[in-house]
Amino acid sequence: MFRIGDFSRVARVSARLLRFYDEIGLLAPAHSDRQTGYRYYTIDQLAQLNRITVLKELGFSLEQVGDILRSPALDAAELRRMLQLRRNDAERAVALEEQRLRNIETRIAQIESEGAMSVDDVIERAEPARQLLSLRRTVASLAEGRALIGVLREQSRALLPKNHGCQLVAVAHSSQFESDEIDVEFGYTVDGLDLRVPGEGSMLKLSELVAVERMAVCVRIGLPEDAHLVTAKIGRFIAANGDVFDGPSREVFLQPPDPQRMHEAVVEMQFPLRRSCLDQDRPDR
């Protein structure tokens, strides 16, 4: 089972929203400890959460979502039909609405692949300690987070060698996913470089990525808005192995990102792991 913070990271849905869904009876945790109030979720509950997310994004009220979920006719084909009706109107909307529909499509893709999702492309390996020249901020959206890459590039220009080829890494420091409050650090790996330390007025700092003995790794192509397709795979992988998350996740850009073509970015998503010990874990409430 996953504690609520870890389940929010797998599903890419706010832990606050999961607590609210529990309170209104829309998605109850698989287990709640009566003494502590701690909530636990299973990976199988991701399917129901995806349905709730799709229906809400399609414009249904939460009361209507509850009624629809109780309908025996609700399957991937019916959701696809609903989506097509919504798309006919949304094609005339702004780019923000188009991205919203893309998120609906990827959630439906997860629903359609239930029971057949392969985790063969998820691997486990060790990661060495690495030094970063980095910039850390709490941002209100994924788009705002991407904008920090440009700030990092501009600020580091005077500190790094020309054509340095340093790898870009993003670190998600929060223990749970909140789409409007993202504590993210972007940095370039600078191991082995004779680097001048950033001055007192600089926005940048030198920081260290600690070594990780066990890291679950999977590659995604595209924007972070679609990352739930990969985090779901990683979630199934660690659930099958009896593991839990053990620290901040990372995203390593395998090729230099083009700001004009971020939808083609090739990124390695990394999640530190450790063996589960439910008696010792103190989950988020």
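Residues numbered from 1 in each chain as written. Predicted model: local features only at pLDDT ≥ 70, side-chain atom pairs only at ≥ 80, totals over all residues. Heavy atoms only, no water.

Peer 1: Would you mind showing me how to read the pattern of salt bridges here?
Peer 2: Side chains that carry opposite charge are capable of pairing whenever their charged atoms lie near each other. A full pass over the atoms with the stated rule returns 20 salt bridges. Among the charged side chains, a network of salt bridges with common partners joins E124, R214, D243 and R275. (Salt bridge = Lys/Arg side-chain N within 4 Å of Asp/Glu carboxyl O.)

Peer 1: What am I meant to see in the environment of K162 here?
Peer 2: As for its placement among the helices and strands, K162 is situated in the loop between helix 7 (142-156) and strand 6 (168-172). You can call K162 exposed: its relative accessible area is 77%. (Helix = DSSP H or I, 4+ residues; strand = E, 2+ residues; numbered from the N terminus. Buried < 20%, exposed > 50% of the residue type's maximum accessible area, 1.4 Å probe, protein only.)

Peer 1: Explanation requested: the sheet that holds strand 3 (residues 39-41) in the structure shown.
Peer 2: Strand pairing in a sheet relies on backbone hydrogen bonds. The paired strands run either parallel or antiparallel. Taken in spatial order, the three strands of this open sheet run 1-3-2, and their pairing is antiparallel. Each edge of the sheet is formed by a strand with only one pairing partner; in this case those strands are strand 1 (2-3) and strand 2 (31-32). Both strand 1 and strand 3 contribute to a ladder of two bridges, which runs antiparallel. The residue of strand 3 that forms the bridge with F2 is Y41. (Pairing = 2+ DSSP bridges.)

Peer 1: Would you explain the packing of aromatic side chains in this entry?
Peer 2: Applying the stated rule across the entire model yields four aromatic pairs. Both rings, one in F2 and one in F7, keep their centres 6.5 Å apart while their planes meet at 45°; by these two values the pair is tilted. Neither F2 nor F7 differs from the other in exposure class; each is buried. Geometrically, the ring pair formed by F245 and F271 is tilted, given 5.0 Å between the ring centres and 35° between the ring planes. Remark: F271 occurs in strand 12 (residues 266-275) and F245 occurs in strand 10 (residues 243-245); sequence separation between them is 26 residues. The pair F245 / F271 is uniform in exposure class, with both members buried. Every member of this aromatic cluster is reached through a ring pair, and the members are F2, F7 and Y41. Sitting above the plane of the F245 ring, R9 keeps its charged end 4.6 Å from the centroid. (Phe/Tyr/Trp six-rings, centres within 6.5 Å; stacked < 30°, edge-to-face > 60°. Lys NZ or Arg CZ within 6 Å of the ring centre and 35° of its normal.)

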